[in-house]
Amino acid sequence: MKVVLAGGTGQVGTILDRALTGAGHEVTVLTRRPVRAGHVGWDGVALGKWASVIDGCDVVVNLAGRSVSCRYTAENLRAMMDSRVASARVVGEAIATAVRPPRVWLQMSTATIYAHRFDAANDEATGMVGGTEPGVPGYWEYSVRIARAWERALAEAETPATRKVALRAAMVMSPDRGGVFDVLSRLVRLGLGGPVAGGAQYVSWIHERDFVRAVEFLIAREDMAGPVNLAAPGPLPHRAFMRELRAAWRVPVGLPATRGMAELGALLLRTDTELLLKSRRVTPGRLSGAGFSFIHPEWASAARSLAR
């Protein structure tokens, strides 16, 4: 199978590239900084020579977008929006102009599209899209706006011969350096892996193996289109999430953090507390309904696997 990974040099792209290449597929990565064979340069904005690799490929997976691990300044939020929407539009243009378009386009989206809530889980059929929920910082709405614009660019692309899937992905957990599991694990080993702001907010996640398997599943299932949640079926409150992570590393205690302490830590790490404080209670309704079986449905076993 010929696969094009647009924006494929980040954490998630590295996971997919490694797995798909290891499975014997021919993977081409579109990147702003090509450094090796299999890399093709693009700017994520305008059509160019790079579009030739999409003509004749089997699958396009677009992962491009400015990292969310940053301070949510007006400038950074605009960069998140522009990079995601522009890349989705230009991938759609490349597919639309291809003589032999790919049979499927998997477009990265985010589980952040759902509302901050504690009372019930969000699946694709009954989940509440966020942006209007009370009692949350106003700028959180912009993250939802980004997700909606991202998916709208996918939906509006005129690619009638190509099936389109929006990957509403939770945090992908892998042992790769710099990924979210690596960052949280370092905090745990430093004794700082306690609950944040009480820890009632839900954490949705997916093990890297299940993420790859879900992508392969969606490529194969010609009846699957539209939004699909890529999240393990066992989201859990942050306090329980961190407790299981401490157990995986055999660290008995973790210092809890108040909201103010979290704000200070986020400032020092040049990131934003929305990533910690928003309650993302997301379940994989469509994947489970289609018969997908998770290797790691629960966080305790997933955390032990990743720690090993």
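What comes next is a walk through the structure. As the structure is a computational prediction, the values presented were derived from the model and not from experiment.

Looking now at a nonpolar patch on the surface. A surface patch of nonpolar side chains, amounting to about 400 Å² of accessible area, comprises Leu-190, Leu-192, Leu-255 and Met-261. Locating Leu-255 in the fold gives a position in the loop between α6 (238-248) and α7 (259-269). On the accessibility criterion, Leu-255 (47% relative accessible area) is partly exposed.

Between side chains of opposite charge, a pair can form when the charged atoms approach closely. In this structure the tally under the stated criterion is 10 salt bridges. One salt bridge connects Arg-78 with Asp-82, and the closest N-O pair in it is separated by 3.4 Å. Here the residue Arg-78 and the residue Asp-82 both occupy positions in helix α2 (residues 74-96), the gap between them amounting to four residues, near one helical turn. Residue Arg-78 is classed as partly exposed on the basis of its relative accessible area of 43%. Taken together, the salt bridges that share partners define one network made up of Arg-18, Asp-176 and Glu-208.

A few words on the nonpolar core. The biggest cluster of nonpolar side chains holds 45 residues, and the ones touching the most others in it are Leu-16, Val-61, Leu-106, Phe-211, Leu-218, Leu-230 and Leu-287. Here this core takes seven residues from helix α5 (residues 208-220), the largest share from any one element. In contact with Val-61, other than residues within four places in its own chain, are Val-3, Val-4, Leu-5, Ala-6, Leu-16 and Leu-106. Within the second largest apolar cluster, 19 residues are counted, among which are Trp-205, Ala-232, Leu-245 and Ala-302.

This part takes up the packing of helix α4 (residues 180-189) against α6. The N-to-C vectors of α4 and α6 enclose an angle of 75 degrees; their axes lie 10 Å apart at closest approach. Relative to α6, the element α4 is oriented roughly perpendicular. Along the contact surface, α4 presents Phe-181, Leu-184, Ser-185 and Val-188, while α6 presents Phe-241, Met-242, Leu-245 and Arg-246. Class assignment for the residues of the contact of α4 with α6 results in six nonpolar, one polar and one charged.

On to the packing of α6 against helix α10 (residues 299-307). At a minimum axis separation of 9 Å, α6 and α10 run at an interaxial angle of 40 degrees. Relative to α10, the element α6 lies oblique. Between α6 and α10 lies a crossing of right-handed hand. Seen from α6, the contacting residues are Phe-241, Glu-244, Leu-245 and Ala-248; seen from α10, they are Trp-299, Ala-300, Ala-303, Arg-304 and Ala-307. Residues of the contact of α6 with α10, tallied by class, amount to seven nonpolar, no polar and two charged.

It is worth spelling out the pairing of strand β6 (residues 163-169) at this point. Among the seven residues that make up β6, seven are buried, leaving the element largely enclosed by the rest of the structure. The pairing of strand β5 (residues 104-108) with β6 spans five bridges and is classified as parallel. Bridge pairing in β6 places Trp-105 opposite Lys-164. Of the pairings in the sheet, the one linking β6 to strand β10 (residues 226-230) comprises five bridges and is parallel in character. Counted as the bridge partner of Val-165 is Gly-226 from β10.

How each quantity is defined
- Residues numbered from 1 in each chain as written.
- Predicted model: local features only at pLDDT ≥ 70, side-chain atom pairs only at ≥ 80, totals over all residues.
- Heavy atoms only, no water.
- Patch = residues over 30% accessible without salt bridge, like charges linked within 9 Å, V, L, I, M, F, W, Y side chains within 5 Å.
- Areas by Shrake-Rupley, 256 points an atom, 1.4 Å probe, with all protein chains shown as cover.
- Salt bridge = Lys/Arg side-chain N within 4 Å of Asp/Glu carboxyl O.
- Helix = DSSP H or I, 4+ residues; strand = E, 2+ residues; numbered from the N terminus.
- Buried < 20%, exposed > 50% of the residue type's maximum accessible area, 1.4 Å probe, protein only.
- Core = buried A, V, L, I, M, F, W, Y, C linked by side-chain atoms within 4.5 Å.
- Contact = heavy atoms within 4.5 Å.
- Axes fitted to C-alpha atoms, helices over the stretch in contact; angles between N-to-C directions.
- Parallel < 35°, antiparallel > 145°, perpendicular 65-115°, else oblique.
- Nonpolar A, V, L, I, M, F, W, Y, C, P; charged D, E, K, R; others polar.
- Left-handed = near helix turned anticlockwise from the far one by under 90°.
- Pairing = 2+ DSSP bridges.

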